[in-house]
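# Reading the structure
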Amino acid sequence: EFIFDDVAAQIEPSDAELEAYLKDHPDAFRTPAVYSFHQVFLNRDQRGAQVAIDASKLLAQLNDAGADASALGDASMLPAEFVDLQSGEIARQFGNAFAASLAGIEPGRWTGPIESGFGVHLVRVDARTDAALPELADVRALVRREWENARRLELNDLAYEQLLKRYSVTIEDSARVADQGEAGARP
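From a predicted model like this one, the values you see are computed outputs, not experimental measurements.

Parameters at a glance
Residues numbered from 1 in each chain as written. Predicted model: local features only at pLDDT ≥ 70, side-chain atom pairs only at ≥ 80, totals over all residues. Heavy atoms only, no water. Pairing = 2+ DSSP bridges. Helix = DSSP H or I, 4+ residues; strand = E, 2+ residues; numbered from the N terminus. Phe/Tyr/Trp six-rings, centres within 6.5 Å; stacked < 30°, edge-to-face > 60°. Buried < 20%, exposed > 50% of the residue type's maximum accessible area, 1.4 Å probe, protein only. Core = buried A, V, L, I, M, F, W, Y, C linked by side-chain atoms within 4.5 Å. Patch = residues over 30% accessible without salt bridge, like charges linked within 9 Å, V, L, I, M, F, W, Y side chains within 5 Å. Areas by Shrake-Rupley, 256 points an atom, 1.4 Å probe, with all protein chains shown as cover. Salt bridge = Lys/Arg side-chain N within 4 Å of Asp/Glu carboxyl O. Axes fitted to C-alpha atoms, helices over the stretch in contact; angles between N-to-C directions. Contact = heavy atoms within 4.5 Å.

## Re the pairing of strand E4 (residues 120-129)
Here nine bridges tie strand E1 (residues 34-42) to E4, and the two strands are oriented antiparallel to one another. If you follow tyrosine 35 over to E4, its bridge partner there is arginine 128.

Quick look at the structure:
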C-alpha cells in the first residue's frame, strides 16, 4: 500500500480534472444556505385546535399593521431572532421540514404557520444566502485533496485486482473448517 500511495501522490491533477471532480461531486463542496429570520412561537399544546385560527389572526396583524413581533406569541426558550444560521443548524434545531420551508419564503414578509418539533411558528425571513457551488479557485486545495484521495483509492483497487489475477484465492466455509479442526484435535 505504501508503494501504491507513493505512486498516487506523484500524479499531478490538471485544472480540467479538478474542475470535473468539483462538478461530479457538488454536494461535497456546496456551501449551505444561510438565513437570518424572526419567529413568533405558538404553543400547540396550550392553544389546541385554536392554534390555526390564532396563527391566521397574528399573521394578518404582523403583515398589515407591522405589530411588534416580540410581544406576540407564546413564551418559549427560543429566541425571536436568528442571524446567519446555516440550513443544517436550522434543521437540527427545528427539523428538516421547517428548514426546507425557509427556502420558499419571500424575504421581508411574515408567513406561516410553519410546524416544527416545538409547535407552530410564524416566520419572517430577513436575509437569505442560497446554497451555491463555489468556483474552483475558492476551494482548490479541498478539491485537490479529495481528488487525490479518490485517485489513490482507485489506483489501490486497480493494483489489488492485478495482484489477485496472479493468485488463486479459496474461501473456506468457516463452520466446516471449525468442525474439521475439532475432529483432528480429538485423540
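## Quick word on the packing of aromatic side chains
A ring pair, where both rings are aromatic, is described by two values, the distance of the centres and the angle of the planes. Evaluation of the coordinates by the stated rule reveals seven aromatic pairs. Considering the side-chain rings of phenylalanine 37 and phenylalanine 82, the 4.9 Å spacing of their centres and the 20° angle between planes classify their relative orientation as stacked. Here phenylalanine 37, found in strand E1, pairs with phenylalanine 82, found in strand E2 (residues 81-86); they are 45 residues apart in sequence, far enough to count as distant. Centroid distance phenylalanine 94 to phenylalanine 98: 4.4 Å. Interplanar angle 15°. Geometry classified as stacked. Of the two residues examined, phenylalanine 94 and phenylalanine 98, each falls in the buried class.

## A closer look at the nonpolar core
Grouped burial of nonpolar side chains is what soluble globular proteins tend to show. One finds Phe37, Ile90, Phe98, Leu102 and Val123 to be the most contacted residues of the largest nonpolar core, which totals 16 residues. Those elements that provide at least two residues to this core are E1, E2, helix H5 (87-94), helix H6 (96-102) and E4.

## Topic: unusual backbone geometry
Excluding glycine, a negative phi dihedral is what most residues carry, and trans is how most peptide bonds are arranged. Across the junction of glycine 112 and proline 113, the peptide omega takes the value 0°, indicating a cis bond. Within the secondary structure, proline 113 sits in strand E3 (residues 110-115). Phi is positive for aspartate 84, close to 50°, though the residue is something other than glycine. When you line up the elements, aspartate 84 lands in strand E2.

## Quick notes on a nonpolar patch on the surface
Together, Tyr160, Leu163, Leu164, Tyr167, Val169 and Ile171 make up a nonpolar patch on the protein surface, roughly 660 Å² of accessible area in all. Inspection of the secondary structure puts leucine 164 in helix H7 (residues 136-165).

## Description of the sheet that holds E1
Strands belonging to one sheet form pairs held by backbone hydrogen bonds; the direction of such a pair is parallel or antiparallel. Taken together, the four strands give an open sheet; going across it, the order is E2-E1-E4-E3, and neighbouring strands pair in antiparallel fashion. A single partner strand is all that each edge strand has here, and the edge strands are E2 and E3. Taking the axes of each pair of neighbouring strands and ignoring which way they run, one obtains an average angle of 40° across the sheet. Note that E3 and E4 share four bridges and pair antiparallel. Residue threonine 111 lies in a different strand from E4, and its bridge partner there is valine 123. Contacts between helix H4 (residues 51-64) and the sheet are confined to E1, E3 and E4, with E3 contributing the most and set at about 160° to the helix.

## Overview of the environment of histidine 38
By the secondary structure assignment, histidine 38 is in strand E1. As a C-alpha pair, histidine 38 and proline 79 span 41 residues in sequence and 8.4 Å in three-dimensional space. Contacts of histidine 38, omitting those with residues within four sequence positions, involve Ala80, Glu81, Trp110, Leu122, Val123, Arg124 and Asp126.

## A look at the pattern of salt bridges
Inspection of every chain in the model, using the stated rule, returns 13 salt bridges. Its salt-bridge partner being arginine 140, residue aspartate 15 comes within 2.9 Å of it at the nearest N-O pair. Within this pair, whereas aspartate 15 is found in helix H2 (residues 15-24), its partner arginine 140 is found in helix H7, the two being separated by 125 residues in sequence. Note on aspartate 15: relative accessible area 47%, which makes it partly exposed. Among the residues examined, arginine 140 registers a relative accessible area of 34% and is labelled partly exposed. A salt bridge links arginine 47 to aspartate 54, with the nearest nitrogen and oxygen atoms 2.7 Å apart. When salt bridges that share partners are traced, they join Glu12, Arg144 and Glu148 into one network.

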